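Notes for the structure review
Residue-level listing of the chains:
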Amino acid sequence: MHPTRVIGLMSGTSVDGIDAALVEIVGTDLDLKVELLAGKTYPYPAALREKILAICGGAPISMAELAAIDDAIALVFAQAAQNIQVGYPPATLIGSHGQTVYHRPPGFSISENSVSANILPSHQSPFPYPQSLGYSLQLGRGALISRLTGITTISNFRVADIAVGGHGAPLVPRVDAYLLSHPQEARCIQNVGGIGNVTYLPPRRDDWLNQILAWDTGPGNSLLDLAVQYFSNGAKSYDENGSWAASGSPCYPLVEKWLSQDYFRLPPPKSTGRELFGVTYLHQCLQECQAYQLSPADVLATITELTAASIVNSYHAFLPRMPKCLLLCGGGSQNLYLKHRLELLLKSVKVLTTDEAGVSAEFKEAIAFAILAYWRQLGLPGNLPVATGADQEVVLGEVHPVTGDK
Ligand SMILES: Nc1ncnc2c1ncn2[C@@H]1O[C@H](COP(=O)(O)OP(=O)(O)OP(=O)(O)O)[C@@H](O)[C@H]1O
Ligand SMILES: CC(=O)N[C@H]1[C@@H]2OC[C@@H](O2)[C@@H](O)[C@@H]1O[C@H](C)C(=O)O
């Protein structure tokens, strides 16, 4: 069978840039094989990044601006797709996640919300359920990427899952299952991006697919990055290798207090974003740090401990048993201090990265969207209902075929 050459494009909640992966794929699920030919991160132009972060933080924008930003993101994604395949025969498919600018899990009450209450008709709703579907908005429209690159593009992966009652996230677990499950060993795949998310993979036997669990664990690097920017007056954007935090000490009473927050207690399926673990949350944390007179290094150590402890506590709370091995991925897998804290908290669990299991820790999410696009073309489902809370498995993604000239 000839491999299909696919480009996966992803920009996550860190908004650091576009991760692009050029891969060759064969097989379907259990026989799935993926080879990473090239992977690169293309930073956003500074002004565009600032604008995206402002929108994510709730800044008001006009519809005209929204359209312009949607297209600007599509343009830089298309450029990333062109650049990643230089020196290779052209890809035949692009899977583009786009840029999340807003995410609202399901369960939101339409009638009791202060924003919608004023604009709803005053008469009684004929519908029995006041709860809305989830809402997740990714910018960088696939139609423009397809037109600019001349390559069929799949985008808007989250909407089909949301339409059947799911959170639309996390979507990577099904890919994790087929790329990283082990015949004998239970594993956790922990992504530490802006937000953290875990996939628990039981040993690949019997009814293993039905025993997979997955959820967003809470903050990954989002709060840490914001705190580093705050303490360095914008000179640094993240805590390289975790060395700044490593020079401080966590304030455990604060970590305990923060861990008592509702999100950490909520059972899966659950998803979150910068709407919760963003600027407002950080300022609340910084205010509470004042009472303990913490140095910047202590604050960073305390926030890193929140990330590590929220991950480990969620395993104890929601997994049937602890895994043999934890495979880290995402930018936070390079934070040596965080890795060390996870090792201490997890005791007998081996902590490695997905690189050590043959899947690039840096580009796993971009690779995942290439695979989801490939599954879309084969008509195979991409979501795992246990991970997203959807009523059923569905084929994910909107197809934007190439039409006319480039
Ligand atoms: N050498 C490093 N040391 C410490 N942290 C790092 C290092 N390299 C990257 N990071 C962290 O990783 C972050 C980027 O991670 P990644 O690209 O996985 O996030 P993302 O894909 O935007 O997020 P998400 O998975 O939530 O969608 C950076 O913002 C930074 O905090
Ligand atoms: C709405 C959204 O973009 N969610 C991201 C975010 O970043 C990490 C975590 O929160 C995860 O749920 C998801 O991304 C990955 C790629 C996923 O869907 O599996």
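Let us look at the structure shown here. (Residues numbered from 1 in each chain as written. Chains lettered and ligands numbered in written order. Predicted model: local features only at pLDDT ≥ 70, side-chain atom pairs only at ≥ 80, totals over all residues. Heavy atoms only, no water.)

Overall, mixed pairing links the five strands, which are arranged β9-β8-β7-β10-β11 in an open sheet. With one partner strand each, in any of the chains shown, β9 (213–219) and β11 (350–353) form the two edges of the open sheet. The sheet shows a mean angle of 20 degrees between the axes of neighbouring strands, direction not considered. Examined bridge by bridge, strand β8 (residues 195–201) and β9 share six bridges and lie antiparallel to one another. Within β9, the position partnered with Asn 197 by the bridge is Asp 216. (Pairing = 2+ DSSP bridges. Helix = DSSP H or I, 4+ residues; strand = E, 2+ residues; numbered from the N terminus. Axes fitted to C-alpha atoms, helices over the stretch in contact; angles between N-to-C directions.)

An α-helical turn contains 3.6 residues, so a residue and the one three or four places further along point in the same direction. Along helix α6 (residues 173–180), seven of the eight residues are buried, which leaves the element largely enclosed by surrounding structure. For α6, the full list of buried residues reads Pro 173, Arg 174, Val 175, Asp 176, Ala 177, Tyr 178 and Leu 180. (Buried < 20%, exposed > 50% of the residue type's maximum accessible area, 1.4 Å probe, protein only.)

Quick look at the packing of aromatic side chains now. Applying the stated rule across the entire model yields eleven aromatic pairs. Note on Phe 231 and Trp 244: the rings are 6.4 Å apart at their centroids and 65 degrees apart in plane angle, and the pair reads as edge-to-face. Placement of the pair is Phe 231 in helix α7 (residues 222–231) and Trp 244 in helix α8 (residues 243–246), with a sequence separation of 13 residues. The class for Phe 231 is partly exposed, based on a relative accessible area of 23%. Seen from their ring centres, Tyr 263 and Phe 264 are 6.3 Å apart, and the 75 degrees between their planes marks the pair as edge-to-face. For the residue pair Tyr 263 and Phe 264, the accessibility class agrees, reading buried in each case. (Phe/Tyr/Trp six-rings, centres within 6.5 Å; stacked < 30°, edge-to-face > 60°.)

In this section: the site of ligand 1. Contacts to ligand 1 come from 23 residues, most closely from Thr 13, Ser 14, Asp 225, Asn 241 and Gly 331. A distance of 2.9 Å separates an oxygen atom of ligand 1 from a polar atom in the backbone of Ser 14. Between ligand 1 and Asn 241, the relevant distance is 2.7 Å, taken from a nitrogen atom to a main-chain nitrogen or oxygen of the residue. Considered on its own, ligand 1 offers 650 Å² of accessible surface; in the complex 91% of this is hidden by protein. A class-by-class count of the residues in the shell around ligand 1 yields four nonpolar, 13 polar and six charged. (Near = heavy atom within 4 Å. Polar contact = N/O pair within 3.5 Å; in protein donor to acceptor, adjacent residues only side chain to side chain. Areas by Shrake-Rupley, 256 points an atom, 1.4 Å probe, with all protein chains shown as cover. Nonpolar A, V, L, I, M, F, W, Y, C, P; charged D, E, K, R; others polar.)

From the geometry alone we can't say anything about function, so treat these as descriptive.
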